[in-house]
Amino acid sequence: TRDSGHQLVLFDDVPGGAGHVRRVADQVQEIIDHALMRVSTCSCGEETSCYICLRSFRNQMFHEQLSRGEAIQVLHQIASPEARAAWQAQRAGVV
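A few points on the structure. (Residues numbered from 1 in each chain as written. Predicted model: local features only at pLDDT ≥ 70, side-chain atom pairs only at ≥ 80, totals over all residues. Heavy atoms only, no water.)

1. With respect to the overall build of the protein
Helices and strands together make up the secondary structure of the protein, namely four helices and zero strands. Taken from the N to the C terminus, the helices and strands of the protein come in the order α-α-α-α. Based on the C-alpha atoms only, the size of the protein along its principal axes is roughly 45 × 30 × 25 Å. The buried share of the protein, reckoned over its 95 residues, is 26%. When contacts within the protein are restricted to residue pairs at least 6 apart in sequence, long-range pairs at least 24 apart make up 44% of them. Just so you have it, the protein exposes about 7000 Å², and 55% of that area is on carbon and sulfur atoms. Each charge class in the protein can be summarised by its mean position, and for the 9 positive and 11 negative side chains these summaries are 3 Å apart. (Helix = DSSP H or I, 4+ residues; strand = E, 2+ residues; numbered from the N terminus. Buried < 20%, exposed > 50% of the residue type's maximum accessible area, 1.4 Å probe, protein only. Contact = heavy atoms within 4.5 Å. Areas by Shrake-Rupley, 256 points an atom, 1.4 Å probe, with all protein chains shown as cover. Lys, Arg positive; Asp, Glu negative; His and termini not counted. Charge placed at Lys NZ, Arg CZ, Asp CG, Glu CD.)

Structure, rendered in structure tokens:
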């Protein structure tokens, strides 16, 4: 992503593909921006996570490793300028 040197890899785990990756790729910036707002507005502690922001049944083996604060940091780096501005305003209590 941009200058961070990180990459986001999307893959479809359906044999032969179901076309989900193509649809997601067309909206990836919107999805990243929405994810930033989701984790930013959750009320669980930033050092942890919950089923509202990051946890799901499928990632239950990683629940103890999921950190809402770390997710915010990563998403903030790749979010659009508009989403970063909204996050800053929300953080400052302007919104």
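Let us keep going from here.
2. Observations concerning helix α4 (residues 81–91)
Of all the residues in α4, the buried ones are Ala-83, Trp-87 and Ala-89. In a view along the axis of α4, the buried residues occupy a sector of 165°, so they form one face of it. The elements touched by buried residues of α4 are α2 (28–40) and α3 (68–78). With its phi angle positive at about 80°, Gly-93 sits one or two positions after the end of α4. (Arc of directions from axis to C-beta.)

3. As for the environment of Ala-25
The residue Ala-25 is located in helix α1 (residues 20–26) in this model. For Ala-25, a relative accessible area of 42% gives the class partly exposed. Linking Ala-25 and Leu-10, residues 15 residues apart in sequence, is a C-alpha distance of 8.1 Å.

4. As for the nonpolar core
If you look at the biggest cluster of nonpolar residues, it comprises 14 residues, and the most contacted ones within it are Leu-36, Val-39, Cys-53 and Leu-75. Secondary-structure elements contributing two or more residues to this core are α2, α3 and α4. In terms of residue count, the dominant contributor to this core is α3 (four residues). If sequence neighbours within four positions are ignored, Leu-75 has contacts with Ile-32, Ala-35, Leu-36 and Val-39. (Core = buried A, V, L, I, M, F, W, Y, C linked by side-chain atoms within 4.5 Å.)

5. Section: the packing of α2 against α4
Packing of α2 against α4 leaves a shortest axis separation of 10 Å and a crossing angle of 10°. Our classification of the angle between α2 and α4 gives roughly parallel. Across from Asp-33, Leu-36, Met-37 and Ser-40 in α2, the residues of α4 making contact are Ala-83, Ala-86, Trp-87 and Gln-90. Residue composition of the contact of α2 with α4, by class: five nonpolar, two polar and one charged. (Axes fitted to C-alpha atoms, helices over the stretch in contact; angles between N-to-C directions. Parallel < 35°, antiparallel > 145°, perpendicular 65-115°, else oblique. Nonpolar A, V, L, I, M, F, W, Y, C, P; charged D, E, K, R; others polar.)

6. Focus on the packing of α3 against α4
Look at α3 against α4: their axes get within 8 Å of each other, and the N-to-C directions meet at 140°. By the angle class used here, α3 and α4 are oblique. Along its contact with α3, which presents Ile-72, His-76 and Gln-77, the element α4 presents Arg-84, Trp-87 and Gln-88. Tallied by class, residues from the contact of α3 with α4 come to two nonpolar, three polar and one charged.

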